[in-house]
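Next come the chains, spelled out residue by residue.
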Amino acid sequence: MLYDEIDWGEIWIEQMKLHNEADEQVQQPDRWGTYENARRFWQSSRKSGKRLEKTLKDIQHDSDSRILDIGAGPGSMAIPLAQRVSHVTAVEPADGMTAVLKENIEHYNLDNVTCIQKTWEDVAVEELDSPYDVIVASYALHVPNIREAIEKIQQVSNGKVYIYWFAGPTSWDKNYSRIWPQLHGRQYHPSPKCDVLYNVLYSMGIYPDMENFELTHETRFSSLDEAVEHYKPHYKIGNKQQEQILRSHLEQILEKEGDELVQVGRSSRVKMSWDNSH
């Protein structure tokens, strides 16, 4: 098959479908749906101050900018950006993340943030106060159809677009792969990575600037029981036997630091950006 005959959008759809099979077969709450997990994510993001500050500097904006944050989570970027710009629209589907995001908006006395609690694919263009000077999707385009997601971004953009995604296997891909067959009787399928995303963009006539970087992320727990409860939705745990497999796995991979247990994740990431203002 010739390169230009490859439908990269279909490759994304197929890889994401395989990745999501566990979600369809095991009924578990959304991993970010709980308030506790969302609060832990927020606290973890606040500890990575230098990394967050670099990201904010990389995103070109000024006091008049209007920003769309897709997959805003608890507001890791939306909150500091809202303190610097005219307006932020934060799109976030998870109950827990949205609850923490709204708490943070109130805590920081912000009146320039609009929250839309939906997935990006469920957001209608008419709901958005577009066009936006800056659009950010930070590890948030976990969508079934990436071409449609990008087309919607292009519809509401009149400036810079920044997409952060994964390059190569992530730390959790490696961890899930180790015990997924024991848990679910089948191979673990990772989500599509930046090679597929880049080729989808290229096929759409979008030629992004790219920057690769390494990222280390820590998640801290006060006990093994707390870690098990946190990771049960991630590993799609549905019974006691699976929970014991997960517990044994976490005993092996968690690092002891003082009174805490730490999950250290290291992975390669990529920032893709382009400008629609021309």
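Going by the structure above, here's the rest.
The following refers to the structure shown. (Residues numbered from 1 in each chain as written. Predicted model: local features only at pLDDT ≥ 70, side-chain atom pairs only at ≥ 80, totals over all residues. Heavy atoms only, no water.)

### With respect to the environment of R186
Here is step 1: Considering the arrangement of structural elements, one finds R186 in the loop between α8 (171-184) and α9 (194-203).
Here is step 2: For the pair formed by R186 and F221, sequence separation is 35 residues and the distance between their alpha carbons is 29 Å. (Helix = DSSP H or I, 4+ residues; strand = E, 2+ residues; numbered from the N terminus.)

### Things to note about helix α10 (residues 224-231)
Here is step 1: Burial in α10 covers these residues: L224, A227, V228, H230 and Y231. Along the axis of α10, the buried positions cluster into a sector of 165°, meaning they face one direction only. (Buried < 20%, exposed > 50% of the residue type's maximum accessible area, 1.4 Å probe, protein only. Arc of directions from axis to C-beta.)

### Brief notes about the pattern of salt bridges
It is possible for side chains bearing opposite charge to pair when their charged atoms get close.
Here is step 1: With the rule as written, the count across this model stands at 15 salt bridges.
Here is step 2: The shortest N-O distance in the salt bridge between R39 and E103 comes to 2.6 Å. With R39 in helix α3 (residues 35-47) and E103 in helix α6 (residues 95-107), the pair connects residues that are 64 residues apart, well separated along the chain.
Here is step 3: Residue class for E103 comes out partly exposed when judged on its relative accessible area of 34%.
Here is step 4: Two residues, E260 and R220, come together in a salt bridge whose shortest N-O distance is 3.0 Å. Here E260, found in strand β8 (residues 260-275), pairs with R220, found in strand β6 (residues 209-221); they are 40 residues apart in sequence, far enough to count as distant.
Here is step 5: Among the ionic contacts, a cluster of salt bridges with common partners joins K54, D58, E211 and K271. (Salt bridge = Lys/Arg side-chain N within 4 Å of Asp/Glu carboxyl O.)

### Examining the pairing of strand β4 (residues 132-138)
Here is step 1: Of all seven residues in β4, five are buried; the element is thus mostly enclosed.
Here is step 2: With four bridges connecting them, strand β1 (residues 66-70) and β4 associate as parallel partners. The residue bridging D69 from the neighbouring strand is V136, located in β4.
Here is step 3: Pairing of β4 with strand β5 (residues 157-166) involves six bridges; the strand directions are parallel. Considered in β5, the bridge of I135 is made with V161. (Pairing = 2+ DSSP bridges.)

### Here's the deal with the environment of S177
Here is step 1: Within the secondary structure layout, S177 lies in helix α8.
Here is step 2: Sequence spacing of S177 and S130 is 47 residues, and the spatial spacing of their C-alpha atoms is 41 Å.

### Structural notes on the nonpolar core
Here is step 1: Counting 34 residues, the largest nonpolar core has L68, W120, L128, L141, I146 and I150 as the members making the most contacts within it.
Here is step 2: At the level of elements, α1 (8-19), β1, β4, α7 (146-155), β5, α9 and β8 are the ones that each hand at least two residues to this core.
Here is step 3: When residues in this core are grouped by element, the largest group, five residues, is from α9.
Here is step 4: When neighbours within four sequence positions are excluded, L128 is seen to be in contact with L68, T89, V91, I116, W120, V123 and V156.
Here is step 5: Counting residues in hydrophobic clusters, the runner-up holds 26 residues, among them L56, V100, I105 and Y164. (Core = buried A, V, L, I, M, F, W, Y, C linked by side-chain atoms within 4.5 Å. Contact = heavy atoms within 4.5 Å.)

Read these as layout, nothing more, since geometry by itself doesn't imply function.
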